[in-house]
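Residue strings, one per chain:
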Amino acid sequence: MPCPEKFRETLAQLDFPQEITDRINQGFEDLVSSSPKKKKALYFKRATDILCENCDMEAVHTLYEHNAFRLCLGLS
C-alpha cells in the first residue's frame, strides 16, 4: 500500500492546489505508514475521488506514478 507521508510530500512537490490537498487530508492528519490498512485505504480512496473530480487526469497519473499506484489502480 502507498505511503501516506510520501503521498503528501508528492502532492506538494507537484504543486497540487492547497485547497485540494487540505480536502484530501481533512480528518486524516495523523495518518502514517503504520496506521491500520483499512484507514489508509479510506484515505487513498478519498484522495482518488477528490483528485479525479477536481484535477487534470495527466497530473493525477503523474502523482500516482510517483507513489507506485499504477499497478494497484490498473492504470498501466
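Overview of the structure. (Residues numbered from 1 in each chain as written. Predicted model: local features only at pLDDT ≥ 70, side-chain atom pairs only at ≥ 80, totals over all residues. Heavy atoms only, no water.)

**A look at the nonpolar core**
We count it as follows: Throughout this description, the term nonpolar core refers to a set of buried Ala, Val, Leu, Ile, Met, Phe, Trp, Tyr and Cys residues connected via side-chain atoms within 4.5 Å. In this scheme, a residue with accessible area under 20% of its type's maximum is buried, one over 50% is exposed, and one in between is partly exposed, where area comes from a 1.4 Å probe on protein chains only. Each helix is a run of H or I in the DSSP string that is no shorter than four residues. Each strand is a run of E no shorter than two, and both are numbered from the N terminus.
If you look at the biggest cluster of nonpolar residues, it comprises 16 residues, and the most contacted ones within it are Phe 7, Leu 11, Ile 24, Tyr 43 and Leu 51. Only helix 1 (4-13), helix 2 (18-25), helix 3 (37-54) and helix 4 (57-66) provide two or more residues apiece to this core. The leading source of residues in this core is helix 3, at 5 residues.

**Some points on the environment of Thr 10**
If you trace the backbone, Thr 10 turns up in helix 1. The spacing of Thr 10 and Asn 67 is 57 residues in sequence and 7.8 Å in space, taken between C-alpha atoms.

**Re helix 1**
Keep this limit in mind: Directions pointing from the helix axis toward each C-beta atom define the arc. Residue contacts are defined here by distance: any two heavy atoms, one from each residue, within 4.5 Å place the two residues in contact.
Those residues of helix 1 not exposed but buried are Pro 4, Phe 7, Thr 10 and Leu 11. The buried side chains of helix 1 occupy one side of the element, clustering within an arc of 120 degrees when seen end-on. The outward face of helix 1, more than 90 degrees from its buried face, is lined by the exposed residues Ala 12 and Gln 13. The elements touched by buried residues of helix 1 are helix 2, helix 3 and helix 4. Just past helix 1, the residue Asp 15 takes up positive phi, approximately 60 degrees.

**A word on the packing of helix 3 against helix 4**
Packed helices, taken two at a time, are described by the angle between their axes plus the distance between the axes. Selection rule: Comment: axis = line fitted to C-alpha atoms, over the contacting stretch for helices; angle = value between 0 and 180 degrees taken between N-to-C directions. Orientation labels follow simple angle bins: below 35 degrees gives roughly parallel, above 145 gives roughly antiparallel, 65 to 115 gives roughly perpendicular, and whatever is left gives oblique. Should the near helix be turned anticlockwise from the far one by less than a right angle, the crossing is termed left-handed; should it be turned clockwise, right-handed. Three categories are distinguished: nonpolar for Ala, Val, Leu, Ile, Met, Phe, Trp, Tyr, Cys and Pro, charged for Asp, Glu, Lys and Arg, and polar for the others, with Gly belonging to the last.
Axis separation between helix 3 and helix 4 bottoms out at 8 Å; the angle between their running directions is 150 degrees. Overall, the two elements helix 3 and helix 4 adopt an arrangement that is roughly antiparallel. Helix 3 and helix 4 meet at a crossing whose hand is right-handed. Two secondary-structure elements touch here, helix 3 through Thr 48, Leu 51 and Cys 52 and helix 4 through Met 57, Val 60, Leu 63 and Tyr 64. Grouping the amino acids of the contact of helix 3 with helix 4 by side-chain chemistry returns 6 nonpolar, 1 polar and no charged.

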